[in-house]
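Geometric and topological summary
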Amino acid sequence: MVEAFRTNVQKKAESKMLLSVLSEAFPSLKINFDLSDRDKVLRVEGDNMEALRIMILLKEYGFRCEVLD
């Protein structure tokens, strides 16, 4: 399963920090950011994905995160 999220992550340093946090929280998922996309897309791939937990985690770090249609 693949899920894409619209975020407001702007800087590469922010994305690296969040990738570290997300990878620790969800070690079985493949996670990456596309900061060149206008929606600053966070792509997550894997089984047993918990989109709500991912969104909550990003919000805890002060970032907007919503499922991209």
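First things first, this report covers the structure right here in the doc. (Residues numbered from 1 in each chain as written. Predicted model: local features only at pLDDT ≥ 70, side-chain atom pairs only at ≥ 80, totals over all residues. Heavy atoms only, no water.)

Another point: the packing of helix 1 (residues 12-25) against helix 2 (residues 51-60). Orientation of helix 1 relative to helix 2, taken along the N-to-C sense of each, is 140 degrees, at an axis distance of 11 Å. The pairing of helix 1 with helix 2 is recorded here as oblique in orientation. Note that helix 1 runs across helix 2; the crossing there is right-handed. Residues L18, V21, L22 and A25 of helix 1 form the contact with helix 2, whose participating residues are R53, I54, L57 and L58. In terms of residue class, the contact of helix 1 with helix 2 is built from 7 nonpolar, no polar and 1 charged. (Axes fitted to C-alpha atoms, helices over the stretch in contact; angles between N-to-C directions. Helix = DSSP H or I, 4+ residues; strand = E, 2+ residues; numbered from the N terminus. Parallel < 35°, antiparallel > 145°, perpendicular 65-115°, else oblique. Left-handed = near helix turned anticlockwise from the far one by under 90°. Contact = heavy atoms within 4.5 Å. Nonpolar A, V, L, I, M, F, W, Y, C, P; charged D, E, K, R; others polar.)

Time to look at the sheet that holds strand 1 (residues 2-7). Taken together, the 4 strands give an open sheet; going across it, the order is 2-3-1-4, and neighbouring strands pair in antiparallel fashion. Unpaired on one side and paired on the other, strand 2 (30-34) and strand 4 (65-67) mark the two borders of the sheet. For this sheet the average axis-to-axis angle between neighbouring strands, irrespective of direction, equals 25 degrees. Here 3 bridges tie strand 1 to strand 4, and the two strands are oriented antiparallel to one another. Bridge pairing in strand 4 links F5 to V67. (Pairing = 2+ DSSP bridges.)

What follows covers the side chain of T7. Within the secondary structure, T7 sits in strand 1. You can call T7 buried: its relative accessible area is 2%. Among the polar contacts listed, one links the side chain of T7 to the backbone nitrogen of V9, at a separation of 3.3 Å. Looking at T7, its side chain comes within polar contact range of the main-chain oxygen of K40, at 2.6 Å. Beyond its immediate stretch of four places on either side in the chain, T7 contacts F33, D39, K40, L42, L58, R64 and C65. (Buried < 20%, exposed > 50% of the residue type's maximum accessible area, 1.4 Å probe, protein only. Polar contact = N/O pair within 3.5 Å; in protein donor to acceptor, adjacent residues only side chain to side chain.)

Turning our eyes to something else, we now look at the pattern of salt bridges. The tally for this structure, following the rule as stated, stands at 4 salt bridges. Note that R6 and D39 form a salt bridge whose closest N and O atoms lie 3.1 Å from each other. You can see R6 sitting in strand 1 and its partner D39 sitting in the loop between strand 2 and strand 3 (41-45), a full 33 residues away along the chain. Residue class for R6 comes out partly exposed when judged on its relative accessible area of 25%. When the shortest N-O distance is used, the salt bridge between E50 and R53 registers 3.3 Å. (Salt bridge = Lys/Arg side-chain N within 4 Å of Asp/Glu carboxyl O.)

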